[in-house]
Each structure stands twice: as C-alpha cells, then as structure tokens.
Number of protein chains: 2
Amino acid sequence: MLSRLVYSLEGFMTDEPRSHWGWGHASGFGTPDTRKALGTMVGTMLGLQTTEPREPTPPNEIDLDQGGVALPSELTELLSDDRELRLRRTFGRSFPDLYRGFHGHFPHPPDLVARPTEPAHLEELYRWAASERLALIPFGGGTSVVQGVTPGDLPDYQGLVTVDLQGLSYVEDLDEVDRVARIGAGTTGPDLEAALSPRGLTLRHYPQSFQFSTLGGWLATRAGGHFATNYTRIDDLTTTVTMVTPAGTLSTPQLPSTGAGIDPRSLILGSEGALGCITEAVMRLRPRHTFRSSVTVHFPDLPTATEACRHIAQAHLFPSNCRLLDAREALFNGVVSSPAHVLLLGFEGTTPVTEPLLEAALKIAIDAGGTPASDPAHRHRDAQGDSDRPEEAGRWRQAFFEAPYLQGRLLSVGILADTFETALPWSRFPRFHKDLKGRLLALMKARCGGGHLTLRFTHVYPDGPAPYYTFICAPPPEQTLEVWRAIKEESMATIADHGATVTHHHAVGRRHRPGLARERSSTFFSALKALKAELDPHHILNPGVLLP
Amino acid sequence: MLSRLVYSLEGFMTDEPRSHWGWGHASGFGTPDTRKALGTMVGTMLGLQTTEPREPTPPNEIDLDQGGVALPSELTELLSDDRELRLRRTFGRSFPDLYRGFHGHFPHPPDLVARPTEPAHLEELYRWAASERLALIPFGGGTSVVQGVTPGDLPDYQGLVTVDLQGLSYVEDLDEVDRVARIGAGTTGPDLEAALSPRGLTLRHYPQSFQFSTLGGWLATRAGGHFATNYTRIDDLTTTVTMVTPAGTLSTPQLPSTGAGIDPRSLILGSEGALGCITEAVMRLRPRHTFRSSVTVHFPDLPTATEACRHIAQAHLFPSNCRLLDAREALFNGVVSSPAHVLLLGFEGTTPVTEPLLEAALKIAIDAGGTPASDPAHRHRDAQGDSDRPEEAGRWRQAFFEAPYLQGRLLSVGILADTFETALPWSRFPRFHKDLKGRLLALMKARCGGGHLTLRFTHVYPDGPAPYYTFICAPPPEQTLEVWRAIKEESMATIADHGATVTHHHAVGRRHRPGLARERSSTFFSALKALKAELDPHHILNPGVLLP
C-alpha cells in the first residue's frame, strides 16, 4: 500500500487544511483585503456591481442536524457519527453547494459516514443498508459540480450514509513492460502521480479537480482528460475496472482490448455510484514526455478560429493541446492583454516528432487565418517535463487550476460565476453558440442588469468540439440561487434545442438528469432500470442520480 | 437511398455468383487443376499429405428440410420460404459451416427468411415471432466465423426465421463539415465505400470479410479495423447507432462525445443480435489519405520483433500499419522468399508528416534490432491512394483478402486450415505463445502426424498485442471436424490459462461462449441477462449467442 506522504507534485500539497464549504484548501479563499481588491478589479473590468467581502459561517456556528441513524454495534469500526466528518460530506462543489455552505446552511447531512478500507466492507454495508432501508452515497473527493453526492431530502429512506472511499488508496502491481498499474479507487490525483513518478510513469489525467478528486470519481463520471484530442477520457486509460455491487462484484480481465461481446467496462464507467462502488482499476500509464512543441495562435474572429480547430482535429494529427479560448476567456484569465481569440496548440511525446507534427498543425491554423504568436521562444523542446511552456499557455494553466478558488472568492463579493459544458457536431456549433449567447446575455441583463459569457473548447474531435462556457454576473444578493437556477435551466434548454449533450465531462448527477432524459430514448432508461434492479435490487445506492 | 450499382472498388465486384457453401464468389474456388496444383505445392512446401481435389455437393443435390413454419398471410411480402434463400442462410463461414456446406449437409436451415426494408418491419416480425414462439436470427453478410448465425437445433422454439438485413442498405445525410454519414446496417463494405468515394471520403474499415459483411454485422460484433493502432475498432468510428429491440428502439444522439452517464452505444455494440437488430448508424468518415510512408523491417527472432512492436506502440506514434508477420506467416503468404520475421510499418495521412513519423517509428524498430528492407523505394509518398506500396506489404494485402478463398480450396484437397485470435498484455505474450505453440503442434502431431502454426499481430496497443494464429494440418479425412474441434478447444483452453481474451475481433457467437464464460464474472452475466430480459422479454433473438 502507498504510504501517505507530504509531497510536492506539480505544485500541489495535500497537508493544508481544507475549506469546509469552498473549493480545496481553506487558504485558497484569500484574505478580505485580497478579495476586496479582486472585487474592485472585477467590478472595473467587467462592469459588475460587487459587494464588500463577506466571510463564510464558521463550522462551529453551523446548525447541523443530529442524524437519525444509530451506530450499529457490529459496524462501529466502519461507521462514524462524528460531526466534522458529516459536515464535510454534506456537499459537493456545485454552485448551490458553495452558496449554501458559505452561508452555513447544511440541510440533509449524512446521518453517518462509512470509511471502508477493503471491498468486503462494502458488502457488509450493503447488507446493513438494505435491511435498515438506508441510502448510501459513494463519495470520492466530493468535488462533483452536478450534485452527484447531494441527494437532498430522501423521504423514502430511513437515513443517509455517505461511503467515503478514500480509504481505498494505493498504487500496486506497477508493470513497466505493459505500463499499467492497479490503483485503488480512493486514490487522489496527486497521490496517484506521486506513486508513479519515481518510476518515470504518469497517468497524465488532469481534470480541473485533479488535486482533490479520486480515480474512482473519475471512472464513475467518465471524466474528461488532459489531452485535447485522441485517448483522453478516463475510459480510454482504463484496462480493467472493478465495482462491488449489492448483487456481487463486477470485474473485468486485464486486456489491452477485447471484442468479446458487450464491453463489460461499459456497465461500470459512468454509473455514477448508482450501480455499485468502484473499488479499483488497472490503468494505462505512459512515460513522462521528453519533448514538447507548442505555440499559441491568434485569430481575428471566432468562426475563423473554430474552422481552424475543425481542420486540425480532422487532420488526425492528435495534438495533446488544442484549446481555443475566445477573446473574453483569454482576456479574463489574463492569458492575453489585448483582445484575440487564442488557440493553445501543442504536442507532447517521447520522440522529437513533436516538432514536425506542430509544423503540420500550425500550417493548418495559418492557412485557416491564424497568426502565430510572434515570439519563436513560444516553441519548446523540453526534456524536463512541465516547466517550460509558451508564456500564454503557462498563464492559462495557472488560471485553469485557480478558477475553482476564484469562484468562491467572487461569491464572497457578490459575484455569481459558474461553468457548464457540452459537445456537439461542428456543423451545429455556430448557430448553437449564437443562440446560447443571445439567450444567456438577455437573461443576465433582465435579472442582473448585465453579465458575461466566455467560451473555450476543452476537447476537439473530428466530428465536433466540446465547448465550455463560463458565465459571470452580479445578481441581487437574495436572488443569487434563483438566478443561478434560471441560467442553468436556460443553458440546458438551449443545449437540448440544438441536440447537444447535457454534459461532455461534468457528469449527470442530479442537476443534469432532466437534460439526460431529453437526450436518451425511453428504451435506454428501461434498460438502465433493469440493470439497476439487477445490481442494486434494494435501490440503496445514490438514489436520484441518472434515474429518477 | 443508394441505388445498387455494378461497380469496381478496390478490385471488388458484387455482381458475380456467390458460392452456396464457401467463401465469397463461386469463382474463388478455382478449377480442379488449380486446386490440384495448390495441393501439390502445399504438400511439398508444408510436408502435408493432400488428396485429389474434390468437388462440393451441388445445391440441387442437397437434401434441405422443408421447413415447418407456414407463411403468415399478413406477412407474405416480408417473408419467404424460397428454398434457395433458405439454403444460403443456413450457415455462416466458420470451418464447420464450410465443411458441412461442402459435403452438402445442411441441417437446421431457417424455416423462413425475412427481408425487412424498414425498421417498422422488425416490430411486426418481433410481435409475430413472440406469438408463434419462433427464434429470429439477425443476418448481415453471413460471414460469421464463430457460429453467430447458426443456432443449430432449437428444441424450445417452434421454428427458426433468419432476418436478412441487407434490405437496409443506404448511405444518407453525408455531412462534409462533420465528416459523418448515416448508413443503413445492411450496407456491405463495397457498397458503403462506393457511396462515399465520389465525395472523397472513406470509412476505411477493412475487416477481412469486407467484401461481403455489413455495417450492422461489424457493429453487432465490435469488428476490428484497418488501422493497427489508435481509433480502429468499429466502436471508435461510430457516433450514433440505432437498434430496434422487441421492447422499443434504442437510439443515441449524434454527438462527437458525451460524458452523460453510461454510454448508450455500449448496450448495442457487441450485442451480437441477442438484444435487437441494429438498423443504422452515423459513422465517422475521413478523407482518403494523400500521403503514405511505409517500410518493411526484418527481425532475426520473434522476441526481438515483439519488443520492437511494443516500443513502437508505447511511443504513441500511432502507425496505421504495424503488423508483425512471423517467419512462417511471411513465408506461407509469399511475402518474403527467405525466412525472416517481417514488420509492416506504415503511416497514412493528409499531411507529409507521415515521413517524420515513419522515421521515428523506424528508428525504434532499428534500435530494437530490426533491419529495414534495403530497397529505399519501400517508402512511398502517394497522392493516388492505395496503388503504391512496398512490395512486401502489397503481397501481404493480396494474401490477406485471398486467405478465406484459400481455406475452401485447401479443404477440397484434404487440408484443414483455420485461424483464431486473441489479445493479452505484452508481459504475458512470450510464455503464452510458447505454451500455445507447444500444445497445438503436439496435438496436430498426435492427430495428423504434423502441422503448422503461424502468427501475426493484427493490432498493437500500448499495453499488449492482438496475436492472430493460423493452423494448418492434414487430418484423416473422416476426422476433420473432430480434429478441428480438438484444436479449437485446446486453443481456447490455452487462451484462458494465460488470461488472454477468447476473441479480439472475431466475436463470441456460439463457438466462443465457453471462453466468454471463463473471462467474465458471474455478476456480468446476471447484468446481461437482466438486459436481455428487458429488451427481448420473449427471448426470440439469436438464442445461444453470448448467453446460454
């Protein structure tokens, strides 16, 4: 088993105190002074009305329900009714979670928290939960932004138990020939990379939640990956995955590929805790890259930039980075100082072929109307890993991992900022984007006097992009959640109107369930219900996720 | 709808008469003289005892059961009891099918053949079959080598109806922006490519059965693809797929990717006709490549060649071709004239970056101990598509599409030749290969006095290869099927012993079901049964495939 270490990896530390309501480490919230300055800057730059910085309700002032489930004597080592444990597993990190957490409203905390350290513990828990009619919520890093770990009121159940899976944290059987390792589902991103790093290998999967989320969470939600193209979704990196269900253990053999019927991994990946708890997986690793070639390209308008991305994606060159930031996204994140749509284009690898690959992709971008950022130092060959990047790409990376902290800081000065994402065919994107922008800006104008919508492409496929949107506005304070809900509904409705998907990689959870219902056939839900009835016959697992 | 044309594409013609028992066109069987010469050559080269060429039983001399299901008056347009139609849908193309067909033994023909031309016909068929307690066998090109379309005796059913889906043949809604098209499941490989070709696009999916098999068959069996690495399995080329089940239609939205829960395509792909009939799919296309760079590399021994393949696969260069032929495979197929393990290495694309990519891959091959074939003309840049290849690669391609014909010709001179395939991690391959070779050569020695086993890698993944084996021997004529069965059992047992998969891309059908049972957990089968019960509640579809 991997022993827990204090380490520094990619600048991430795990020994700092965590926020009880907001993203990540408590220190990431900043001081009132820095938040006041942030408010002033945002107010000036975006023309939004900010407030004086406010402070969250301290944990000890939060009125937390006692919990109505008695600790069963035979499971005392597995279960806890500790107030702090329960408080810190009441919410995920969706905007309503943050908002309520900030204001000290913690309704529907779990009655108990289970902390299994081996698969057999799950079997015990399932038996007990079925007999007591309790709901079990699998919980990894608790970073869900779609209310995947917050069931709310559950009138049909006698209580709620959160199953914290971080006890299943290990990296074992690392095989340098096959380049795979067996990894416990509760292993966080930094723990996992810390264990692989001494062997020169990496999973290289960096969702924005990387620092706190777990492999099990990534698998359960089919997380989107680091690479903008080609094998990048966590599915692609998974050779074997094991899920303990109330009806038994679903496991798959370790194979590079198989054509033997329905892919058994597909019944596990994306099951979002509704069919079982994922306990471990054998993951595909790669050596840390020794070559990187990258460049930033500017575009005068979004249609031109979009076409460039399409042509690059369709050339099957498979850049590791092909992220388009629209002018506002680039400006707001401090990537550029004067308006331009910015494409971050890069190739990583273990051979110098990254150079001609970049040349080929850059030629396509230029032919499509792009202008490479002028400094030739923007293209690097780097044997040291991640230290050296084009300046604009480095600024973007910084902003990327800071964004979730920024959301909490902005909340404290009266600003609502949140994101949503989708994927759709290239041919439908221009009309979708125009419609979405029109509808959301009008809505924010009507409800908040104004607001902003920014766009990036997180991933590009030969048949379409995955657009990712950020909206920012300053609602009347007492209407914050109402405005958030209205924007969320409008975005989901627009997504459905254009035949896009309700989520490319944020998962469904409870928040996106209406959107899922719109994009799947009723026969699909009948099949899913049949699977649920078979694997979780007492319906104890994560009620309300995926299925009503 | 695509009108049926006589055309010539990649050298394939579809207007020739088809064999009633063997592979493809009747003419592919050759004359007695050519088969006599083949027997002499094979006898000399492989040291096997061949017989005088024999002829198959002509169709009109075959004793075909009358069929016990009356044509229902309301479905006369959809159903036929025509003898020829029934005869030609009695078998797939597994070795026992060929052997029985050759000898005129056609047990268990379908009672009737249904030829739906629209999805609504399937609904009618399902209702009728459920009420009459009939089994329905979805049938595309009928090229299954795993008895996927031959249920044999069905004592629990009142009769058997083959559902020939070739009426669902069309290419529609070709979108040149998204590079996708909606394609009917009954469309054969040549029909599909003929419709795409005038628009400069291609699916570029070439299973060995390409000329006769259908898109629906490829999807139902998760066919392996043209490319040796990266997106190649038919799954990867599928954006949307529709399956009509007795419980309703499962369809998925057209999206480049989605993270919304369990991937709905995964309930359809690999279902092998046991859950419904696939009716159409929206497939990802690509332009025909304008650049190809390829080379053949020789290796002195198999371990060296294997390591070279592993290093190339793990460098994430994604060659389109990385097919290793062991010395016997290369020799028997006429690829080389003196013994060497041969790696066919190539890159295709729409930019000249194929050249540096090949350089990078070739460097890895040479570093691992390979010697590039000396003629520098072995590396090509080709703006005309497929015409120009390294000589050895061209000879391989020729042999690849001829192999199924060769099997029938060899059968007529007393030679049993068949193939099986698997996939497993690199680390397990050397021991597996040694064990398999030992066991099968010993078995062939004991039963036939000798025999040969040849190997190729059809696909290579970062974590393992997909080895593909051919065995050749001359069993005592009356023991041919028995020997075939013994070899098949021994290969499946060896595969299971080493934790390999029972099939990388030949599918499960009925032949591989025992192997599937060994490599999946019982919980998986419970889940699959639940799906089957939900989608095909009367168990009318393809009984005996995937599930007992």
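In short, a report on the structure. Just so it is clear, the model here is predicted, and its values are computed rather than measured.

1. Focus on the overall build of chain A
Regarding its fold elements, chain A presents 14 helices and 18 strands. A compact globule built from 548 residues would reach a C-alpha radius of gyration of about 24 Å, and chain A, at 23 Å, matches this within 12%. Overall, chain A is about 70 × 60 × 50 Å in size when its C-alpha atoms are taken along their principal axes. By the burial criterion, 59% of the 548 residues in chain A qualify as buried. The contacts of chain A with a sequence gap of at least 6 include a subset with a gap of at least 24, amounting to 73%.

2. Quick notes on the interface of chain B and chain A
Counting residues at the interface gives 82 residues for chain B and 83 residues for chain A. Of all the secondary-structure elements, those providing two or more residues to the side of chain B that touches chain A are β8 (238–245), β9 (248–250), α9 (354–367), β18 (464–473), α13 (513–519) and α14 (522–535) of chain B. Class assignment of the residues belonging to the side of chain B that touches chain A gives a composition of 37 nonpolar, 33 polar and twelve charged.

3. Considerations on the environment of E123 of chain B
Residues and elements named next belong to chain B. Tracing the backbone shows E123 in helix α4 (residues 119–132). Taking the number of C-beta atoms within 10 Å as the measure of exposure, E123 has 16 and is therefore partly exposed. E123 sits 42 residues away from L165 along the chain, and the two C-alpha atoms are 14 Å apart.

4. Brief notes about the nonpolar core
Among the nonpolar cores identified, the biggest contains 300 residues, and L343 of chain A together with L343 of chain B are the most heavily contacted of them. Counting contributing residues, this core receives three or more from each of domain 1 (17–67 + 75–288 + 507–548) and domain 2 (289–384) of chain B. Leaving out residues up to four positions away in the same chain, L343 of chain A has contacts with T296, V297, F299, A305, A308, C309, L324, A365 and G370 of chain A.

5. Examining the environment of D175 of chain B
When you line up the elements, D175 of chain B lands in strand β5 (residues 171–175). Look at D175 of chain B and you get partly exposed, because 17 C-beta atoms sit within 10 Å. The sequence separation of D175 of chain B and E534 of chain B amounts to 359 residues, and the corresponding C-alpha distance is 35 Å. When near neighbours in sequence (up to four residues on either side) are disregarded, D175 of chain B contacts S427 of chain A together with V180 and A181 of chain B.

6. Focus: the sheet that holds strand β13 (residues 321–325) of chain A
All names here are of chain A. Judged by pairing direction, the sheet is antiparallel, and its seven strands sit side by side in the order β15-β12-β14-β13-β17-β18-β16 without closing on themselves. With one partner strand each, in any of the chains shown, β15 (371–372) and β16 (416–421) form the two edges of the open sheet. In this structure, β13 lies alongside strand β17 (residues 452–461), joined through two bridges in antiparallel fashion. Each residue of the ladder has a partner; that of L324, found in β17, is F457.

7. Some remarks on helix α5 (residues 189–196) of chain B
Residues and elements named next belong to chain B. For α5, the buried fraction is high: seven of the eight residues fall into the buried class. Of all the positions in α5, only G189, D191, L192, E193, A194, A195 and L196 are classed as buried. Looking at the packing, one finds that the buried side of α5 touches β5, β6 (180–184), β7 (201–202) and α6 (215–220).

8. Focus on the sheet that holds strand β17 (residues 452–461) of chain B
Residues and elements named next belong to chain B. Pairing in this open sheet of seven strands is antiparallel, and the strands run β15-β12-β14-β13-β17-β18-β16 from one edge to the other. Single-partner strands in this sheet number two, and they are β15 (371–372) and β16 (416–421). Pairing between β16 and β18: six bridges, direction antiparallel. Each residue of the ladder has a partner; that of F420, found in β18, is Y469.

9. Observations concerning the relation of the copies chain B and chain A
Once chain B has been moved 0.0 Å along the axis and rotated by 180°, it coincides with chain A to within an RMSD of 0.0 Å. Such a combination of turn and shift is consistent with a two-fold rotation axis. When the interface residues of chain B are mapped onto chain A, 100% of them again fall at the interface, so both copies present the same face.

10. Description of the pairing of strand β10 (residues 277–284) of chain A
Residues and elements named next belong to chain A. Summarising burial for β10: eight of the eight residues are buried, a large majority. Across five bridges, strand β6 (residues 180–184) lies against β10 in antiparallel orientation. Bridging across to β10, I183 finds its partner in A281.

11. Notes on the pairing of β6 of chain A
All names here are of chain A. Among the five residues of β6, four are classified as buried, and the element is accordingly described as predominantly covered. Pairing of strand β5 (residues 171–175) with β6, which is carried by three bridges, proceeds in the antiparallel orientation. Counterpart to V171 in the pairing with β6 is I183.

12. Overview of helix α1 (residues 32–46) of chain B
All names here are of chain B. Across its 15 residues, α1 extends 20 Å between first and last C-alpha, which sits within 8% of the 21 Å expected from 1.5 Å per residue. Listed as buried for α1 are R35, G39 and V42. Across the axial projection of α1, the buried residues extend over an arc of 75°, all falling on one side. Those residues of α1 that are exposed and aimed more than 90 degrees away from the buried face are D33, T34, T40, M41, T44 and M45. Buried residues along α1 sit in contact with α10 (391–412). Once α1 finishes, G47 follows within two positions and takes phi at roughly 65°, a positive value.

About the criteria used
- Residues numbered from 1 in each chain as written.
- Chains lettered and ligands numbered in written order.
- Predicted model: local features only at pLDDT ≥ 70, side-chain atom pairs only at ≥ 80, totals over all residues.
- Helix = DSSP H or I, 4+ residues; strand = E, 2+ residues; numbered from the N terminus.
- Rg over C-alpha atoms; globule rule 2.2 N^0.38 Å.
- Buried ≥ 20, exposed ≤ 12 C-beta atoms within 10 Å, placed from the backbone.
- Contact = placed C-beta atoms within 7 Å.
- Nonpolar A, V, L, I, M, F, W, Y, C, P; charged D, E, K, R; others polar.
- Core = buried A, V, L, I, M, F, W, Y, C linked by C-beta atoms within 7 Å.
- Domains from an automatic or database assignment.
- Pairing = 2+ DSSP bridges.
- Least-squares fit on C-alpha atoms with pLDDT ≥ 70 in both.
- Expected span 1.5 Å × (residues − 1).
- Arc of directions from axis to C-beta.

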